[in-house]
Amino acid sequence: SNLKVMRRRNWRLTIADDVDEAKSETEKAGNTVTTIRSRSLSYGSNKKVFWCSSPLLENGSIIYSVYLEGDQCKYHIPCQCCGTMINLEWEIKIEGSNEVAGITWKKDKAGLLIPNTVEYICQSCGHAFNDKKKYEFNLAGQWQPTAKAIVSTTKSYQWNRLYAAPKMDKDA
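Residues numbered from 1 in each chain as written. Predicted model: local features only at pLDDT ≥ 70, side-chain atom pairs only at ≥ 80, totals over all residues. Heavy atoms only, no water.

Caption draft 1: Structural view of the overall build of the protein. Summing up its helical and strand segments, the protein has 5 helices and 12 strands in all. Relative to its 172 residues, the protein shows a buried fraction of 29%. Restricting the contact set of the protein to residue pairs at least 6 apart, pairs at least 24 apart contribute 62%. Total accessible area on the protein stands at roughly 12200 Å², and carbon and sulfur atoms take up 52% of it. (Helix = DSSP H or I, 4+ residues; strand = E, 2+ residues; numbered from the N terminus. Buried < 20%, exposed > 50% of the residue type's maximum accessible area, 1.4 Å probe, protein only. Contact = heavy atoms within 4.5 Å. Areas by Shrake-Rupley, 256 points an atom, 1.4 Å probe, with all protein chains shown as cover.)

Below, the structure written as structure tokens:
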């Protein structure tokens, strides 16, 4: 990010990519988020600011603070067992029980992953399914807001690696 270039022009469309790699404040330019936003103010309701980044730690994360300002949409897919639209999470405590949903797998006696045992336990019905139909359930998914946006026109989205196509996971 080059804030010096940003200060020279106004932008109707701003794409702020990898913002968590930028410093949140600089001595010369000031607050990064304020600087980026101020460059589009003259366009009023016609402005678009697209924030994109892999988040670093929540504390001090620019992208996470911007995400919290929006409606915090998360991608939901239909459970392969009950059909309820669910957000894939690594681990979720099921309300009213000691049960845990999310990613599960089996290990051998040496503590190593047993191939083809990774499954997802649905937080709605408690049944398990695997990713053999990942392409289809991703196509059937939909974005659902999980909060009221601070500014009604602000949309924010969160996507995690659990939705990635299986071939993408091999390089992770």
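Caption draft 2: Region of interest: the pattern of salt bridges. A complete count under the given rule lists 3 salt bridges for this structure. Here Glu 69 makes a salt bridge to Arg 37, at a shortest N to O gap of 2.3 Å. You can see Glu 69 sitting in helix α3 (residues 62-69) and its partner Arg 37 sitting in helix α2 (residues 32-38), a full 32 residues away along the chain. Given the relative accessible area of 26%, Glu 69 is considered partly exposed. Asp 71 serves as the salt-bridge partner of Lys 155, at 2.7 Å between the closest nitrogen and oxygen. Of the two residues, Lys 155 sits in the loop between β11 (142-144) and β12 (157-158) while Asp 71 sits in the loop between α3 and β5 (73-78), which places them 84 residues apart along the sequence. The exposure class assigned to Asp 71 is buried, which follows from its relative accessible area of 7%. (Salt bridge = Lys/Arg side-chain N within 4 Å of Asp/Glu carboxyl O.)

Caption draft 3: The arrangement of a nonpolar patch on the surface in detail. A surface patch of nonpolar side chains, about 330 Å² in accessible area, is lined by Leu 13, Ile 15 and Phe 50. Among the structural elements, Ile 15 can be located in strand β1 (residues 13-17). We classify Ile 15 as exposed; its relative accessible area is 59%. (Patch = residues over 30% accessible without salt bridge, like charges linked within 9 Å, V, L, I, M, F, W, Y side chains within 5 Å.)

Caption draft 4: Up close: the side chain of Asp 20. Of note, Asp 20 is situated in the loop between β1 and β2 (25-26). Buried and unpaired, Asp 20 has Arg 37 as its nearest opposite-charge partner, separated by 12 Å. A distance of 2.8 Å separates a polar atom in the side chain of Asp 20 from the backbone nitrogen of Leu 56. Excluding anything up to four places from it in sequence, Asp 20 contacts Ser 53, Ser 54, Pro 55, Leu 56, Ser 61, Ile 62 and Ile 63. (Lys, Arg positive; Asp, Glu negative; His and termini not counted. Polar contact = N/O pair within 3.5 Å; in protein donor to acceptor, adjacent residues only side chain to side chain.)

Caption draft 5: Molecular detail of the side chain of Asn 138. Assignment of secondary structure puts Asn 138 in helix α4 (residues 134-139). Given a relative accessible area of 15%, Asn 138 falls into the buried group. If near-sequence neighbours (up to four positions away) are discounted, Asn 138 is found in contact with Tyr 75, Ile 77 and Tyr 163.

Caption draft 6: Spotlight on α3. What α3 keeps buried is the set Ile 62, Ile 63, Val 66 and Tyr 67. Each buried residue of α3 sits inside an arc of 130° when the element is viewed along its axis, so together they form one side. Tucked into the core, α3 has its buried residues touching α2, β4 (48-52), β5 and β12. Looking at where α3 begins, the residue whose side-chain oxygen comes 3.1 Å from the main-chain nitrogen of Tyr 64 is Ser 61. (Arc of directions from axis to C-beta.)

Caption draft 7: Region of the structure containing the sheet that holds strand β7 (residues 91-93). Read from one edge to the other, the open sheet built from 4 strands follows the order β7-β8-β9-β10, with strand pairing classed as antiparallel. Both edges of this open sheet fall to β7 and β10 (128-129), since each of them pairs with a single strand only. In this sheet, strand β9 (residues 119-121) lies alongside strand β8 (residues 100-104) in antiparallel orientation, the contact comprising 3 bridges. Bridge pairing in β9 links Gly 102 to Ile 121. (Pairing = 2+ DSSP bridges.)

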